[in-house]
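What follows is the residue order along each chain.
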Amino acid sequence: MKRPPWSRRSFLQTGALPLVALAPAGAGEPASSNRVLEPARELPFAGCWDVLVAGGGPAGVAAAVSAARAGARTCLIEQHGCLGGIWTVGLLCWILDHANKPGLMAEILRELERRGARAVASDGRPTNGYDPEVMKLLLDELCLSSGVEIHLHSRVCAARCVGRDLTHAVIESRSGREAFAARVFVDATGDGDLAAQAGCSFDLGHPDTGRTQPMSLLALLTGLRPADIRAFYRDDHREAGAAPKDRLRAEMERGGHSPSYSQPTLFRLRDDLFAMMANHEYGVVGTNARDVTAATLRARREVHALVDGLRSLGGPWANVRIVATAAQIGIREGRRIRGRYVVTADDLRDGRRHADAVCRVTFGIDVHATDPGRGKGIESAPFRARAYDIPLRALIAADRDNLLTAGRCISGDFIAHSSYRVTGNAVRLGEAAGILAALAALHRSAPAEVPWDEIVRRLPAPPGSVS
Ligand SMILES: Cc1cc2nc3c(=O)[nH]c(=O)nc-3n(C[C@H](O)[C@H](O)[C@H](O)COP(=O)(O)OP(=O)(O)OC[C@H]3O[C@@H](n4cnc5c(N)ncnc54)[C@H](O)[C@@H]3O)c2cc1C
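Remember, predicted model here, so these are calculated numbers, not experimental data. (Residues numbered from 1 in each chain as written. Predicted model: local features only at pLDDT ≥ 70, side-chain atom pairs only at ≥ 80, totals over all residues.)

Student: Whenever I open this one, the overall build of the protein confuses me. Can you help?
Tutor: Counting its secondary structure elements, the protein contains eleven helices and 17 strands. Relative to a compact globule of 467 residues, whose C-alpha radius of gyration would be 23 Å, the protein shows 23 Å and is just as compact. Across its three principal axes, the protein shows a C-alpha extent of roughly 70 × 65 × 45 Å. In the protein, buried positions account for 48% of the 467 residues. Put simply, of all contacts in the protein between residues at least 6 apart along the chain, 74% involve residues at least 24 apart. (Helix = DSSP H or I, 4+ residues; strand = E, 2+ residues; numbered from the N terminus. Rg over C-alpha atoms; globule rule 2.2 N^0.38 Å. Buried ≥ 20, exposed ≤ 12 C-beta atoms within 10 Å, placed from the backbone. Contact = placed C-beta atoms within 7 Å.)

Here is the structure:
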């Protein structure tokens, strides 16, 4: 019988796909082997930059912009089709711990306000919210005007090291695989993808149980009138605490669905635009693609069910609609790459200060339930954190000499990470990493050799907060 041209055998016979890529690898390997040999291949060389930043979220954008502004030839690698990470692809439109952050964080907030994209409360004062679509454009413009070379739809998938130095990041995109060289690299992927590929040691999850915090899928909602649902959201400076969330949960239950996050939250972004965070995906690991897929599918089903349930109540909910669910489920915890300093719970307890401080964190301990059997909200904090410093050393990888981290993948323990991970700090850490990377690259030295006071001096300092 004549085989159709697309049949598997004729495909293999054309040589279009090497047989070795489909068969279990290695003659003589046990039949049970579930591994496949990928043939070695030469990669196109994409070029050499002073600084390569992997990941274009809040930390990565800040790192790239500050490196470029410091004079370094900088490229920024992002796997999605826009910059912003959790701010845009993740639809988390609420910036925490920004008040004591001058420099880029203040610049972004000012610019959102100027473009009419910063949320305001009913008393007219700005809140932590913003319009995510305007944020996308703003971050593009910030990078382009600073001279950052942006590579979207490009994913870090491997790394090449020589001795203690990372020499190349291997980037996969529609153009295939390419090798990008740089003098200094900044891993701002949130999950520490580049550092892990470069063989760096890391921690993941709770030290005793290995559990990570749950994931949440954000959604944008419309069809709501702020005046009608004032009891269910908190955007103004009028009502704090859990009351609006408790009332929203009760409404969702009345609509027939109990949310997997017991503190569902509505964020008012504009009069006709809200963000909603209402689910928790438990027992899934952010570095496991199958876990992330399953969590995303379950979460989207739940988010739709919750909103359908609210709409069925009529009244103020009669016209509520989902504009979009996030393209990327929010992953609270990934790898914490070991650095030359590990920020620990003790730092928070003592409100520790450092001479090489680059960020002062004022946000408290915030562990979302890791065990739904013991509650589906926020775990009670072991103590009340005091404002503490993150030293530059926590951003320098322990195992590679020319690799920095920024954002939620910096070096810290489980409790400390739950506090410093929020985006006001991610931006400040990115800003510091970018300046350090640029100075190291331009002076041909290792980041650890750059005098820390030079970095601290160049970072815009809020009076009395970072010494
Ligand atoms: C559900 C949820 C709610 C939260 N609530 C708040 C809140 O209200 N306010 C707040 O300030 N913070 C909040 N946080 C914390 C905060 O969002 C994160 O810790 C923050 O995103 C850290 O910024 P980042 O730049 O380190 O990481 P991310 O925002 O995760 O950015 C990482 C970027 O790297 C890219 N990337 C990842 N891997 C690769 C790769 N291999 N190659 C190329 N690119 C890659 C990603 O696409 C992304 O753009 C929340 C987090 C979650 C998950």
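Now that the structure has been shown, we can carry on.
Student: Before we go on, may I ask you to explain the site of the ligand in this structure?
Tutor: Near the ligand you find 36 residues, and of these Gly55, Gly57, Gly85, Gly330 and Gly407 are the closest. Only helix 2 (58-69), strand 6 (155-162) and helix 10 (423-442) provide two or more residues apiece to the shell around the ligand. Class assignment of the residues belonging to the shell around the ligand gives a composition of 15 nonpolar, 14 polar and seven charged. (Near = placed C-beta within 6 Å. Nonpolar A, V, L, I, M, F, W, Y, C, P; charged D, E, K, R; others polar.)

Student: How should the nonpolar core be read in this particular structure?
Tutor: Across soluble globular proteins, you tend to see nonpolar side chains buried next to one another. Val51 and Ala437 are the most contacted members of the largest nonpolar core, which totals 135 residues. With twelve residues, the top contributor of residues to this core is helix 10. Mapped onto the domain boundaries, this core takes at least three residues apiece from domain 1 (46-209 + 333-458) and domain 2 (219-325). When near neighbours in sequence (up to four residues on either side) are disregarded, Ala437 contacts Val51, Ala63, Ala67, Ala72, Val184, Val186, Leu404 and Pro447. (Core = buried A, V, L, I, M, F, W, Y, C linked by C-beta atoms within 7 Å. Domains from an automatic or database assignment.)

Student: How do you make sense of the domain arrangement of the protein when you look at a structure like this?
Tutor: In many analyses, interface size is given as the accessible surface area lost on bringing the parts together. Taken domain by domain, the protein comprises domain 1 (46-209 + 333-458) and domain 2 (219-325). Computed from C-alpha atoms alone, the centre-to-centre distance between domain 1 and domain 2 is 27 Å. On the domain 2 side, the residues contacting the 23 residues of domain 1 number 19 residues. In terms of residue count, strand 4 (residues 126-130) provides more of the side of domain 1 that touches domain 2 than any other element does, three residues in total.

Student: How should the pairing of strand 2 (residues 74-77) be read in this particular structure?
Tutor: One face of the sheet, then the other: side chains in a regular strand alternate in exactly this way. Residues Thr74 and Leu76 point to one face of strand 2 and Cys75 and Ile77 to the other, with burial holding for every one of them. In this sheet, strand 2 lies alongside strand 1 (residues 45-54) in parallel orientation, the contact comprising four bridges. Each residue of the ladder has a partner; that of Leu52, found in strand 2, is Cys75. Taking the sense of rotation as the criterion, the β-α-β connection linking strand 1, helix 2 and strand 2 turns out right-handed. (Pairing = 2+ DSSP bridges. Right-handed = clockwise from strand over helix to strand, strands pointing away.)

Student: Would you explain the sheet that holds strand 12 (residues 273-277) in this entry?
Tutor: What holds strands together in a sheet is hydrogen bonding between their backbones, with the strands either parallel or antiparallel. Across the sheet, four strands lie side by side as 11-12-10-13; this open sheet has antiparallel pairing. A single partner strand is all that each edge strand has here, and the edge strands are strand 11 (265-270) and strand 13 (321-325). Adjacent strand axes in the sheet meet at a mean angle of 30° when their direction is disregarded. Two elements, strand 11 and strand 12, share five bridges in a ladder whose sense is antiparallel. Of the residues in strand 12, the one forming a bridge with Thr265 is Met277. Where helix 7 (residues 289-312) meets the sheet, it contacts strand 10 (219-222) and strand 13, and its direction lies at approximately 165° from that of strand 13. (Axes fitted to C-alpha atoms, helices over the stretch in contact; angles between N-to-C directions.)

Student: Teacher, can you tell me more about the pairing of strand 1 here?
Tutor: With seven of its ten residues buried, strand 1 lies for the most part within the structure. In this sheet, strand 8 (residues 176-187) lies alongside strand 1 in parallel orientation, the contact comprising eight bridges. Along strand 8, the bridge assignment pairs Gly47 with Phe180.

Student: Would you take a moment to explain the environment of Arg73 for this structure?
Tutor: Along the polypeptide, Arg73 turns up in the loop between helix 2 and strand 2. Arg73 sits in the buried class, given 20 other C-beta atoms within 10 Å. Between the C-alpha atoms of Arg73 and Leu442, which are 369 residues apart in sequence, the distance is 9.3 Å. Beyond its immediate chain neighbours, meaning those up to four positions away, Arg73 contacts Trp49 and Asp50.

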